[in-house]
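Structural characterization, general
This is what each chain is made of:
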Amino acid sequence: MSIFLVDEYKDMEPYVPGEQPKDKPYIKLNANETSMPPSPKVFEAISKSEIWNMSYYSDPHCHEFRRAVAEIYHVKEEEVFVGNGADEVLSFVLMSFFRRGMKIYFPDITYGFYRTYAKTYGLDMEEIPVKDDFSIDINDYMELDGDIIFANPNNPTGLTIPTADIERLVKRNPNRMVIVDEAYADYSGETCLPLAVKYPNLVVVRTFSKSRNMAGAHIGFAVSSRDIIEDMNKIKFSFNPFNLNSVTMAAGIAAVKDVDYLHNCVTRIVKNRENFQKELESIGFHVIPSKANFVFCYHDAIDSGILCEKLKEEGILTRHFADEKLTKYLRITIGTEQEMDVVLIAIREILDEVRQKQSVKEKKAC
Ligand SMILES: *Cc1c(COP(=O)(O)O)cnc(C)c1O
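For clarity, every value in this text was computed on a predicted model and none was experimentally measured. (Residues numbered from 1 in each chain as written. Predicted model: local features only at pLDDT ≥ 70, side-chain atom pairs only at ≥ 80, totals over all residues. Heavy atoms only, no water.)

1. Focus on the UniProt feature "modified residue: N6-(pyridoxal phosphate)lysine" (unreviewed entry) in the chain
Cross-referencing UniProt, the feature "modified residue: N6-(pyridoxal phosphate)lysine" (unreviewed entry) maps to Lys 210 in the present numbering. Structurally, Lys 210 can be placed in the loop between β7 (202-207) and β8 (220-223). Those residues in contact with Lys 210, other than ones at most four positions away along the chain, are Ala 31, Asn 32, Thr 34, Ala 183, Tyr 184, Tyr 187 and Asn 293. (UniProt positions renumbered as here; feature names shortened; annotations may be inferred. Helix = DSSP H or I, 4+ residues; strand = E, 2+ residues; numbered from the N terminus. Contact = heavy atoms within 4.5 Å.)

2. Description of the sheet that holds strand β5 (residues 147-151)
Here seven strands make up an open sheet; going across it, the order is β2-β8-β7-β6-β5-β3-β4 and the pairing mixed. At either margin of the open sheet sits one strand with a lone partner, and together these are β2 (80-83) and β4 (124-128). Strand-to-strand twist in this sheet, taken as the mean axis angle between neighbours without regard to direction, amounts to 20 degrees. Direction of pairing for strand β3 (residues 103-107) relative to β5: parallel, over a ladder of two bridges. (Pairing = 2+ DSSP bridges. Axes fitted to C-alpha atoms, helices over the stretch in contact; angles between N-to-C directions.)

3. Some details on helix α6 (residues 163-172)
Within α6, burial applies to Thr 163, Asp 165, Ile 166, Leu 169 and Val 170. The buried residues of α6 all sit within an arc of 160 degrees when viewed along its axis, so they share a single face. More than 90 degrees from the buried face of α6, the exposed residues found are Ala 164, Lys 171 and Arg 172. Elements in contact with the buried residues of α6: β5, β6 (178-181), α8 (193-196) and β7. (Buried < 20%, exposed > 50% of the residue type's maximum accessible area, 1.4 Å probe, protein only. Arc of directions from axis to C-beta.)

4. Comments concerning the layout of surface pockets
Here the largest pocket defines a volume of roughly 1100 Å³. Taken together, 46 residues line the largest pocket, and the ones lying closest to its centre are Tyr 15, Val 16, Pro 17, Tyr 111 and Arg 319. In terms of residues, the lining of the largest pocket owes the most to one element, helix α5 (residues 113-120), which gives five residues. Broken down by class, the residue content of the lining of the largest pocket amounts to 19 nonpolar, 13 polar and 14 charged. (1 Å grid on protein atoms, 1.4 Å probe; cavity = no way out; pocket = protein on both sides within 12 Å on 5 of 7 lines; lining within 4 Å. Points joined across faces, edges and corners; volume = space filled by probe spheres on them. Nonpolar A, V, L, I, M, F, W, Y, C, P; charged D, E, K, R; others polar.)

5. Some thoughts on the UniProt feature "domain: Aminotransferase class I/classII large" (unreviewed entry) in the chain
As annotated by UniProt and renumbered to match this structure, "domain: Aminotransferase class I/classII large" (unreviewed entry) occupies residues 25-346. For residues 25-346, helix accounts for 40% and strand for 16%, while the C-alpha atoms at its two ends are 16 Å apart.

6. Observations regarding the domain arrangement of the chain
Domain boundaries in the chain define domain 1 (7-34 + 260-352) and domain 2 (40-258). Counting residues at the interface gives 32 residues for domain 1, matched by 31 residues for domain 2. When the area that domain 1 buries against domain 2 is broken down by residue, the three leading residues are Tyr 15, Leu 262 and Lys 291, summing to 23%. Close ionic contact of Lys 325 with Asp 108 constitutes a salt bridge, the shortest N to O distance being 2.5 Å. Taken together, the connections running from domain 1 to domain 2 amount to nine residue pairs in polar contact (both at pLDDT 80 or more). The greatest single-element share of the side of domain 1 that touches domain 2, amounting to eight residues, is contributed by helix α11 (residues 259-282). (Domains from an automatic or database assignment. Buried area = accessible area lost by both parts, 1.4 Å probe. Salt bridge = Lys/Arg side-chain N within 4 Å of Asp/Glu carboxyl O. Polar contact = N/O pair within 3.5 Å; in protein donor to acceptor, adjacent residues only side chain to side chain.)

Encoded structure:
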């Protein structure tokens, strides 16, 4: 630590993203990305002329990109904010609407970045415990004295809050901002997007990292009322007007317009998720019924941390969380059919090995 770091940041706990080891090729199922490529339209969009365009600054208003997003989601350009990933978009939300010391509420089991942001922005965060089955009871949020953020579907559980519940919350608390992070909403089929332009206290955040297979491009957007988007743009122009570069925007425009490709990828992942979940259950796993592109599961015969390590030895990355409430579980991203077949073979082998060791031990005990 240098002598220059300001006091507020001295005990900051930066977010730890899923690892990206490069020592050998892995089946990467630890960060909810995918090995499927972006839309073929993206390959076409990043042409030589886009490289020529690099000589000039990109459009800081992101007009063309915002218009394209607006058209696909049936909202107005003025109701769309675009940024460098959902993470940056969320960061602009917090930077724009929260002062140090302000209250923010979120479930105690959710996307780890909310805690990091709350620390970064010096917010007074309160984590509301989820139920024993990891579900969120909207009634716990109805009478709070601060703003609220949810991931819906939630990460790492894959569980959803019904849209009607969120609407009830938003209606009931017109002076509280409700932020809904819909990183996985394409997989659940439920969305609050139409509500975000109906209620002036709701912000919905989306990403291209998961369902559009473009985590490396890092594109996110928010949909909300015109006033909220205008405020966020004001803050953006006071911080980094060129938060999206021209090449990324060209890719984003091509990707968002290819609705069929998105639909095909999502359908494929959802089918793989349902099959994978069934296969896991047939070999004794407990699996939380997920509406996202991952499953959260455990097996009584093996510690999830050990399973995670053994899978890594087999070239498969999954995500194990050290958090007391999560440590029993393993989060496995849903990949292609072939990838999930390989994972199932590896898991079966690991379980067989555990059982053999167990029976040797039992025999020795006799
Ligand atoms: C992956 C994820 C994000 C991050 O999205 P980026 O666009 O890559 O920044 C945000 N929220 C949740 C809940 C996520 O799981």
